[in-house]
Protein chains: 2
Amino acid sequence: MKKTTKEQILEVSLLLFSEKGYDAVRVKEIADVVGIKAPSIYKHFKSKQDIFNAILEESNRRYALQTASFNMEGLDPKMDVGLFETITDEHMLEMGEALFNHFLHDEFTSKIRKLFTIEQFKNQELANLYVMQYMDSPLQYQRMMFELLIKKGLMRKGDPEIMAMQFFSPIFLLLVQCDANADKEMESLEKLKRHIIEFNRIYRS
Amino acid sequence: MKKTTKEQILEVSLLLFSEKGYDAVRVKEIADVVGIKAPSIYKHFKSKQDIFNAILEESNRRYALQTASFNMEGLDPKMDVGLFETITDEHMLEMGEALFNHFLHDEFTSKIRKLFTIEQFKNQELANLYVMQYMDSPLQYQRMMFELLIKKGLMRKGDPEIMAMQFFSPIFLLLVQCDANADKEMESLEKLKRHIIEFNRIYRS
DNA sequence: GTCTATAGACGGATAGAC
DNA sequence: GTCTATCCGTCTATAGAC
């Protein structure tokens, strides 16, 4: 099924906003890429700000869906933990790389993260969403997982909050580096592997 | 000695650019804060872009000075290592908190970091400077330090590059969180301490 | 729902007096 | 080196034909 003009406008706008920032993007630019004239945009959105708001709503919608699924199926840490009775390097590598690749390559996620990165200081609501979605949420998820792994005796006793931070923050730093310089991806993936193997060696019991 | 108008323009511009981004700041806004009329700006800078360039030059100047001093005095990792024959939690906490506080509270550094954060995707040069100054440089410094500490037998043998990443990336993540939400500073400092104590426990021999 | 034409406002920058 | 006055280009958004 073909994309509607409205969907195309949202898609193009997200791309441009995430690369140049809201203020630097012209309505004419969006229209040019979509292949229509600028005034036609206003048949679909009442203002440029309205486009931005729609993107934000879509982001919140997806985030809510994602966290809802955390408590029901597939992505619950209890389930993830249940998948392995022993922790091997392979398990951990898979989890870390999956997280890394999702954040880096998922069409929507990667653009929205860039958008939040460059628009976060405009208002506190944006800043809070940014921290919530790209730091606090993964940290909380992983904390729960490490808690369970410790309870099961698969990992050494320790502070699960700090363990989560020590596991996740290198992933976050490497993501920021790759966002800034896409050429670093291979190098970053290799460092990510070394980090996870080392982390596993340290905390696995 | 009083600040010249030119210096004031640069100072105010850095503040505004770092909060709202280059495109969202009006020349009139800068002039208002400085306390002059907008056209007077152009007696000091030939364009708005020229102000931005001057800020960038100042940033590069300071960065060059800083890295030059790494190889001569005070801040050489060889010297830092020489300061302690044993590694205590206190040594490590001091180093971590010093790094954290410098990045977070140094007038110029904290604003320039925010500016790089929100302008990085405008061109590759900015992105490279951002990664260099706020990630690669501290990582490289700490890698050298851990190499020396391992050689001295004060730390367990390991991959110094990964150790540096595991030590520094939580600091980086906490900084990003504090930039987005200044209220998190206390909480972040407390997490930083727990991280460093745990890191020290893991790698100290 | 797309177009052309254009309103209306604003922003960067210049001219020239003091 | 500051001001006032103003130009000129650009941008968001609307009006109205098709």
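The structure displayed is predicted, hence computed values, not measured ones.

1. Looking at the relation of the copies chain B and chain A
So, point 1. You can overlay chain B on chain A at an RMSD of 0.0 Å; the transform is a turn of 180 degrees with a shift of 0.0 Å along its axis. Look at the turn and shift together and you get a two-fold axis relating the two. Relative to the rotation axis, the C-alpha of I118(B) is the closest in chain B, positioned 2.0 Å from it.

2. A few points about the interface of chain B and chain A
So, point 1. Taken residue by residue, the interface counts 43 residues in chain B and 43 residues in chain A.
So, point 2. Of all residues in chain B, the largest losses of buried area upon contact with chain A belong to F121(B), M165(B) and L173(B), amounting jointly to 17% of the total for that side.
So, point 3. Taken together, the connections running from chain B to chain A amount to eight salt bridges.
So, point 4. A salt bridge links K191(B) to E161(A); its shortest N-O distance comes to 3.7 Å.
So, point 5. Inspection of the region where chain B meets chain A yields 15 residue pairs in polar contact (both at pLDDT 80 or more).
So, point 6. No other element matches helix 8 (residues 160-180) of chain B, which puts 14 residues into the side of chain B that touches chain A.
So, point 7. When the residues that make up the side of chain B that touches chain A are grouped by side-chain class, the tally is 20 nonpolar, 10 polar and 13 charged.

3. Regarding the packing of aromatic side chains
So, point 1. Tallied over the full model, the rule gives 23 aromatic pairs over all chains.
So, point 2. For the ring pair F103(B) and Y134(B), a centre distance of 5.7 Å and an interplane angle of 55 degrees mean the geometry is tilted. Taken as a pair, F103(B) in helix 5 (residues 89-105) and Y134(B) in helix 7 (residues 124-151) lie far apart in primary sequence, 31 residues in all. As far as the burial class goes, F103(B) and Y134(B) line up, both buried.
So, point 3. Aromatic ring contacts, followed pair by pair, group F103(A), F116(A), Y130(A) and Y134(A) into a single cluster.
So, point 4. We note K6(A) situated over the ring of F45(A); from NZ or CZ to the ring centre the distance is 5.2 Å.
So, point 5. The ring of F108(A) has R62(A) lying over it, and the distance from NZ or CZ to the ring centre is 3.9 Å.

4. Structural notes on the packing of helix 8 (residues 160-180) of chain A against helix 9 (residues 185-203) of chain B
So, point 1. Contact geometry of helix 8 of chain A with helix 9 of chain B gives a least axis separation of 10 Å together with a crossing angle of 80 degrees. With respect to helix 9 of chain B, the element helix 8 of chain A is oriented roughly perpendicular. Together, E161(A), I162(A), M165(A) and Q166(A) of helix 8 of chain A and K191(B), R194(B), H195(B), E198(B), F199(B) and I202(B) of helix 9 of chain B make up the contact between the two elements.
So, point 2. Its residues assigned to classes, the contact of helix 8 of chain A with helix 9 of chain B comprises four nonpolar, two polar and four charged.

5. Observations regarding the protein's contact with DNA strand D
So, point 1. Taken together, 14 residues lie near DNA strand D, and K48(A), K37(B), S40(B), K43(B) and H44(B) sit nearest.
So, point 2. Interatomic distance of 2.6 Å between a backbone N/O atom of K37(B) and a phosphate oxygen of DNA strand D.
So, point 3. Interatomic distance of 2.7 Å between a side-chain N/O atom of H44(B) and a phosphate oxygen of DNA strand D.
So, point 4. In the surface near DNA strand D, the residues fall into six nonpolar, four polar and four charged.

6. Some words on the environment of Y203(A)
So, point 1. Residue position: Y203(A) is located in helix 9 (residues 185-203).
So, point 2. The class of Y203(A) is buried, set by a relative accessible area of 3%.
So, point 3. Through-space distance from the C-alpha of Y203(A) to that of M163(A) is 8.5 Å; in sequence the pair is 40 residues apart.
So, point 4. If we ignore the near neighbours within four places in the chain, the residues touching Y203(A) are M155(A), R156(A), M163(A), Q166(A), E198(B) and I202(B).

7. Some words on the protein's contact with DNA strand C
So, point 1. Of all residues adjacent to DNA strand C, which total 14 residues, the nearest are K37(A), S40(A), K43(A), H44(A) and K48(B).
So, point 2. T5(A) has a polar side-chain atom sitting 3.1 Å from a phosphate oxygen of DNA strand C.
So, point 3. One of the side-chain nitrogen or oxygen atoms of H44(A) is found 2.6 Å away from a phosphate oxygen of DNA strand C.
So, point 4. Considering only residue class, the surface near DNA strand C consists of six nonpolar, four polar and four charged.

8. A look at the pattern of salt bridges
So, point 1. Within this structure, the stated rule accounts for 36 salt bridges over all chains.
So, point 2. Residues E190(A) and R194(A) are paired through a salt bridge, measuring 2.9 Å at the closest nitrogen-oxygen approach. Highlighted residues: E190(A) and R194(A), both in helix 9, separated by four residues, approximately one helical turn.
So, point 3. Owing to a relative accessible area of 24%, R194(A) belongs among the partly exposed residues under this scheme.
So, point 4. K3(B) serves as the salt-bridge partner of E11(B), at 3.3 Å between the closest nitrogen and oxygen.

9. Thoughts on helix 2 (residues 27-34) of chain A
Residues and elements named next belong to chain A.
So, point 1. V27, I30, A31 and V34 are the residues of helix 2 that are buried. One side of helix 2 holds all its buried residues, which, seen down the axis, span an arc of 95 degrees. Among the exposed residues of helix 2, those pointing more than 90 degrees away from its buried face are K28 and V33.

10. Describing helix 6 (residues 107-119) of chain A
Residue and element names in this part refer to chain A.
So, point 1. With 13 residues, helix 6 should cover 18 Å at 1.5 Å per step; its first-to-last C-alpha distance of 19 Å lies within 8% of that length.
So, point 2. Across the 13 residues that make up helix 6, a large majority, 11, are buried.
So, point 3. Of all the residues in helix 6, the buried ones are F108, T109, S110, K111, I112, R113, L115, F116, T117, I118 and E119.

So, how was this worked out
- Residues numbered from 1 in each chain as written.
- Chains lettered and ligands numbered in written order.
- Predicted model: local features only at pLDDT ≥ 70, side-chain atom pairs only at ≥ 80, totals over all residues.
- Heavy atoms only, no water.
- Least-squares fit on C-alpha atoms with pLDDT ≥ 70 in both.
- Contact = heavy atoms within 4.5 Å.
- Buried area = accessible area lost by both parts, 1.4 Å probe.
- Salt bridge = Lys/Arg side-chain N within 4 Å of Asp/Glu carboxyl O.
- Polar contact = N/O pair within 3.5 Å; in protein donor to acceptor, adjacent residues only side chain to side chain.
- Helix = DSSP H or I, 4+ residues; strand = E, 2+ residues; numbered from the N terminus.
- Nonpolar A, V, L, I, M, F, W, Y, C, P; charged D, E, K, R; others polar.
- Phe/Tyr/Trp six-rings, centres within 6.5 Å; stacked < 30°, edge-to-face > 60°.
- Buried < 20%, exposed > 50% of the residue type's maximum accessible area, 1.4 Å probe, protein only.
- Lys NZ or Arg CZ within 6 Å of the ring centre and 35° of its normal.
- Axes fitted to C-alpha atoms, helices over the stretch in contact; angles between N-to-C directions.
- Parallel < 35°, antiparallel > 145°, perpendicular 65-115°, else oblique.
- Near = heavy atom within 4 Å.
- Arc of directions from axis to C-beta.
- Expected span 1.5 Å × (residues − 1).

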